[in-house]
Structures are given as C-alpha cells and as structure tokens.
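Overview (structure and organization)
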Amino acid sequence: MTMTNPELDQQVRTQINRAFAQQGYAPDVAQVAQALGQPPEAVAASFQHLADEHALVLHPGTTAVWVAHPFSAATTAFWVTAGERSWWGNCGWCSLGIAALFPTEDVTIRTNSGGEGEPLTIHVRQGQLVEDDWSLNFCVPMAHLWDNVIYTCAMQLCFANGADIAAWNQRHHIAQAHSIPAAQAWQLAQRWYGHYLEPGWTKRTPEQAQQIFESVGLSGDFWRFLR
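Residues numbered from 1 in each chain as written. Predicted model: local features only at pLDDT ≥ 70, side-chain atom pairs only at ≥ 80, totals over all residues. Heavy atoms only, no water.

Okay, the overall build of the protein next. Along the backbone of the protein there are eight helices and 11 strands. In terms of overall size, the protein behaves like a compact globule, its C-alpha atoms giving a radius of gyration of 17 Å where 227 residues would be expected to give roughly 17 Å. Dimensions of the protein, computed from C-alpha atoms along their principal axes, come out at roughly 55 × 40 × 30 Å. Out of the 227 residues in the protein, the part that is buried amounts to 48%. Long-range contacts, defined here as pairs at least 24 residues apart, represent 57% of the contacts in the protein between residues at least 6 apart. With an accessible surface of roughly 11,100 Å², the protein has 50% of that area assigned to carbon and sulfur atoms. Taken as two groups, the 11 positive and 20 negative side-chain charges of the protein have centres that lie 2 Å from each other. (Helix = DSSP H or I, 4+ residues; strand = E, 2+ residues; numbered from the N terminus. Rg over C-alpha atoms; globule rule 2.2 N^0.38 Å. Buried < 20%, exposed > 50% of the residue type's maximum accessible area, 1.4 Å probe, protein only. Contact = heavy atoms within 4.5 Å. Areas by Shrake-Rupley, 256 points an atom, 1.4 Å probe, with all protein chains shown as cover. Lys, Arg positive; Asp, Glu negative; His and termini not counted. Charge placed at Lys NZ, Arg CZ, Asp CG, Glu CD.)

The subject of this paragraph is the environment of Thr152. Along the chain, Thr152 turns up in helix α5 (residues 149–154). Relative accessible area serves as the criterion here: at 3%, Thr152 is assigned to the buried category. Separated by 19 residues in the primary sequence, Thr152 and Asp133 have C-alpha atoms spaced 23 Å apart. At 2.9 Å, the side chain of Thr152 and the backbone oxygen of Leu145 are in polar contact. (Polar contact = N/O pair within 3.5 Å; in protein donor to acceptor, adjacent residues only side chain to side chain.)

Here the structure, examined in full by the defined rule, presents three salt bridges. For Arg85, the salt bridge is made with Glu105, and the minimal N-O distance between the two is 2.5 Å. One end of the pair, Arg85, is in strand β5 (residues 85–89); the other, Glu105, is in the loop between α4 (92–100) and β6 (106–112), and 20 residues separate them in sequence. Under the relative-accessibility criterion, Arg85 is labelled partly exposed at 26%. Given a relative accessible area of 23%, Glu105 falls into the partly exposed group. (Salt bridge = Lys/Arg side-chain N within 4 Å of Asp/Glu carboxyl O.)

Attention now moves to helix α8 (residues 206–215). Burial in α8 covers these residues: Ala209, Gln210, Ile212 and Phe213. Down the axis of α8, the buried set is contained in an arc of 155°. They therefore lie on one face. Against α4 and α7 (182–193) lie the buried residues of α8. Looking one or two residues past α8, Gly217 carries a phi angle of roughly 85°, positive in sign. (Arc of directions from axis to C-beta.)

A separate point is the sheet that holds strand β4 (residues 78–82). Ordered in space as β1-β2-β3-β5-β4-β6-β7-β8, the eight strands form an open sheet in which the pairing is antiparallel. Each edge of the open sheet is held by one strand with a lone partner, namely β1 (57–58) and β8 (128–129). (Pairing = 2+ DSSP bridges.)

A word on the nonpolar core. Membership of the largest hydrophobic core comes to 74 residues, with the highest contact counts inside it found for Phe47, Trp93, Trp134, Phe138, Met142, Trp192 and Phe213. Tallying contributions element by element places α7 first for this core, with seven residues. Setting aside chain neighbours within four positions, we find Phe213 in contact with Trp93, Met142, Leu188, Trp192, Leu218, Trp223 and Phe225. (Core = buried A, V, L, I, M, F, W, Y, C linked by side-chain atoms within 4.5 Å.)

Read these as geometric descriptors, not functional statements.
Structure representation (structure tokens):
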C-alpha cells in the first residue's frame, strides 16, 4: 500500500500550478522536486496520488502532466494569452479560470463559437469581463465531471449566440446540457479558480464545491456534485 503525504501533495499541486502559470507548460517531477527541495521519488508518488484524487490528469503510465486545471498541456479549442505568456485552456470554464488567476492583467481568450463556428474572442481587462453577450454550455452533469474529464472539458464550449445552443445540442445528440450567460460564467470562474496560486490552497470537498455553485445561482440536479 502506497503511503500518502497530504502536506507534500498540497505543496506539489501548488508548485505545479505556479510553474504552469509562469512558464506556459507543465513542470515535470524533477523541476518540482528541485523547487521544493524534495526527493524526486517522493514527488513522483505525490504526482500519482494527486492524479488518483482527481487533482491532476497524467499521461497513462507516466508522471507527465496532461491536465492541471485550469491548464492543459495539450492543444485544445481555447488559447489564452496574458502579456507574453500563453496557455491552452481545457474549456470555457478553465479559460476564464486562467483569466481569474491574473486579476490585475489584461487577458484574451480565443476560441470558436461552439467549437465549430465563427471565431470568438473574449477579453478580461483588470479583472473585468468586457464582452458579456456570449454563453457557456455545459454538457455533463457536475456529479459526472470526472467520469471522463477530458470529454467533459472538450464539451464545455462558448457560444457567440446563446440562441444557437439548443440546435447545437440536438445536432450533436447531447441528452443533458445547461448553458449560462457570460457574466455568470465569469463569476463561477473567479470563485472556483481565483485562489489556485495562493499558498495553502487545498482541494475543496464536494460540499464546498456545491456552495460555490449555489453562490453564483447554480442549483438543481445538473449542478449537484454529490451523487
């Protein structure tokens, strides 16, 4: 049985997020171990434990980071820039989450409406959302986010025109979906991701996650984390 070290896990996760935010790509075990002054073997075990706890997604059979929400180490439908730095966002929620990490900077999110339509550019200036006439569509109920988190993120798309979402859901045979307006999506991203880079940040319990959703007006079965 593998022993876990919650304190080290917390430090490792924070360091991964900070390195990703600073350099635009995921750090490896050696980089995190050096930054924390920890043995690589212990850090590698922490990477795996974080993946087991749904705090990271690793490439199968390795310790290479694939996803450290809100960042992706693989190309996606979202490209986020802030000054000279840039990242792939896993989805619309994550891309707004990246913007929320830099409240004093100007951030630009580039994508396509519904992942297939016209180019859509979203600006966040000094923590303020500029465009508010688009919508964010969720296709997977919250209790099932991690059943296949790569699919979940790939399907959380922004739409330039909210009126197009129903037809898009029908065309792609999406049985369950809920869309929210831009301002509400930005509120959710700020409250969910805004503190990820701060010392002492810890993973939320399902109850705490539920409270965040309810605090921005998202309730009902679709938005319920607890099964």
